[in-house]
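# Residue-level structure breakdown
Single-letter residue listing:
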Amino acid sequence: MKTMTCRQLGGPCDLALAGVTADEIIKQQDQHLKDAVAGGDVAHQPARNDMKGRWRHPKKSLGWYNDVKKAFADQPDD
């Protein structure tokens, strides 16, 4: 298991997200952003907009995805 923060994934906070794969952490980040914005957290809105754009245009966002996968691989195991 590895841990990355919201900030490492392009968000504004240091919430720790843990998972066995980068995809697990990306899905957690997506849910975190949805929840934060739904709760009125405007600081998370730009990151939420970016994430929504990535889900809609995955080929265009492949660079971000590959960067996250590399950053995840570079993280130490918990």
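Whatever comes next refers back to the structure up there.
Criteria and cut-off values
- What you see as residue numbers is a count from 1 along each chain, following the sequence as written.
- Note on the predicted model: pLDDT of at least 70 is required for a residue's local features to be given, and 80 or more for side-chain atom pairs to be given and counted; whole-chain, interface and lining totals, by contrast, use all residues.
- Calculation of side-chain values draws on the structure's entire complement of heavy atoms; hydrogens and water are dropped beforehand.
- Runs of E in the DSSP output that reach at least two residues are strands. Runs of H or I that reach at least four are helices, and both are numbered from the N terminus.
- Here the expected length of a helix is defined as 1.5 Å per residue gap, with one fewer gap than residues.
- Note on exposure labels: buried denotes an accessible area under 20% of the residue type's maximum, exposed denotes more than 50%, and partly exposed covers the range between, all computed with a 1.4 Å probe on protein chains only.
- The arc in question is the one spanned by the directions pointing from the helix axis to the C-beta atoms.
- Contact criterion: two residues are considered in contact whenever any of their non-hydrogen atoms come within 4.5 Å of each other.
- At least two DSSP bridges between two strands are needed for those strands to be called paired.

Let us now look at helix α2 (residues 45-56). Along its twelve residues, α2 runs 17 Å from first to last C-alpha, staying within 8% of the 16 Å computed at 1.5 Å per residue. For α2, the full list of buried residues reads Ala 47, Arg 48, Met 51 and Arg 54. All buried residues of α2 lie within an arc of 120° about the axis, which places them on one face of the element. Packing partners of the buried residues in α2 comprise α1 (22-38) and α3 (62-74).

Glancing now at the pairing of strand β2 (residues 16-19). By the alternation rule, side chains of β2 split into Leu 17 and Gly 19, which are all buried, and Ala 16 and Ala 18, of which none is buried. One ladder, built from four bridges, connects strand β1 (residues 2-5) with β2; its direction is antiparallel. The partner of Thr 5 across the bridge, within β2, is Ala 16.

Relative to the helices and strands, Lys 70 is located in helix α3. Lys 70 sits in the exposed class, given a relative accessible area of 52%. Distance in space between the C-alpha atoms of Lys 70 and Ala 22 is 8.8 Å, their sequence separation being 48 residues.

Any link to function would need more than the numbers given here.
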